[in-house]
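Residue-level listing of the chains:
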2 protein chains.
Amino acid sequence: MIIEENHSKKECTNRIIAIHDVMDILNGKWKVSIIACLCFQKMRYTDILKEVKGISGKMLSRDLKELEANLLITRTVVNTQPITVEYEITEYGSTLKKVINVIADWGFEHRKKIIAK
Amino acid sequence: MIIEENHSKKECTNRIIAIHDVMDILNGKWKVSIIACLCFQKMRYTDILKEVKGISGKMLSRDLKELEANLLITRTVVNTQPITVEYEITEYGSTLKKVINVIADWGFEHRKKIIAK
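Residues numbered from 1 in each chain as written. Chains lettered and ligands numbered in written order. Predicted model: local features only at pLDDT ≥ 70, side-chain atom pairs only at ≥ 80, totals over all residues. Heavy atoms only, no water.

Undergrad: I would appreciate a short explanation of the packing of helix H2 (residues 31–40) of chain B against helix H5 (residues 97–116) of chain B in the present structure.
TA: Packed helices, taken two at a time, are described by their axes: the angle between them and the distance between them. All names here are of chain B. Here H2 crosses H5 at 110 degrees, and the two axes come no closer than 10 Å. In terms of axis orientation, H2 runs roughly perpendicular to H5. Crossing handedness for the pair H2 and H5: left-handed. Taking contact as the criterion, the partners of Val32, Ile35, Ala36 and Cys39 in H2 are, on H5, Lys97, Ile100 and Ile103. (Axes fitted to C-alpha atoms, helices over the stretch in contact; angles between N-to-C directions. Helix = DSSP H or I, 4+ residues; strand = E, 2+ residues; numbered from the N terminus. Parallel < 35°, antiparallel > 145°, perpendicular 65-115°, else oblique. Left-handed = near helix turned anticlockwise from the far one by under 90°. Contact = heavy atoms within 4.5 Å.)

Spelled out as structure tokens, the structure:
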């Protein structure tokens with residue numbers, strides 16, 4: 001669906017509600033990055049912590065819990081020595097790939113624009 | 001660009017950086033909604049406040065300032081009686097339409113899924 005000038009006010013309001021739902025699920029600045037990592041491969045906690053630069057352990061734990069509660073990722077304890085915890089994107093979570101790709105593409109263009117200045 | 005299993009680790013890291021840039025610009029749960037409103041039409045401060053349900057005046061003022069600093073919107077004082085302040089999306093800001101449409105579409109599908117439960 002495309003935002004057009006002739007969208008009624010009601011349609012606009014419904015879009016705002018839909019967007020708000022998404023931003024509630026993807027709140028904070030790290031969740032989209034975490035999901036993007038997991039779209040790429042399943043990962044251990046410590047690997048996500050390394051990949052998502054700047055996130056603290058506390059925030060990562062909280063974000064992973066919330067993403068799991070929203071059925072976007074799964075958490076699996078693997079019986080290795082020592083025990084490891086793996087995170088994997090769910091089928092539902094992977095429907096966010098399109099959103100993430102569009103965000104990443106815009107980010108690449110934005111970076112080009114900023115560097116060109 | 002599509003996230004594929006065979007993306008190198010470097011590519012993945014670059015995507016994470018690009019995503020992080022975007023989430024830095026669109027941080028908080030309201031900015032995407034504010035931009036979505038302004039994609040639809042230019043609006044006065046009080047109209048945005050009504051449309052974006054749940055946002056406080058303080059947060060809206062802060063978010064509008066940050067969006068203006070990132071050249072995504074413009075602020076115009078209109079010499080009416082009393083003076084009004086209008087916000088309008090910039091040409092650059094409107095490049096976010098695609099991102100916002102994809103987010104809104106996912107939100108609509110998500111709502112359907114939640115309601116179906």
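Following the structure, the description resumes.
Undergrad: Looking at this structure, how should I read the packing of helix H2 (residues 31–40) of chain A against helix H1 (residues 9–25) of chain B?
TA: Running from N to C, H2 of chain A and H1 of chain B cross one another at 160 degrees; their axes reach a closest spacing of 9 Å. Overall, the two elements H2 of chain A and H1 of chain B adopt an arrangement that is roughly antiparallel. At the point where H2 of chain A passes H1 of chain B, the crossing takes the right-handed sense. Each of Val32, Ser33, Ala36, Cys37 and Phe40 of chain A in H2 of chain A lies in contact with H1 of chain B, whose residues at this interface are Lys9, Cys12, Ile16, Ile19, His20 and Met23 of chain B. For the contact of H2 of chain A with H1 of chain B, the class distribution of residues is eight nonpolar, two polar and one charged. (Nonpolar A, V, L, I, M, F, W, Y, C, P; charged D, E, K, R; others polar.)

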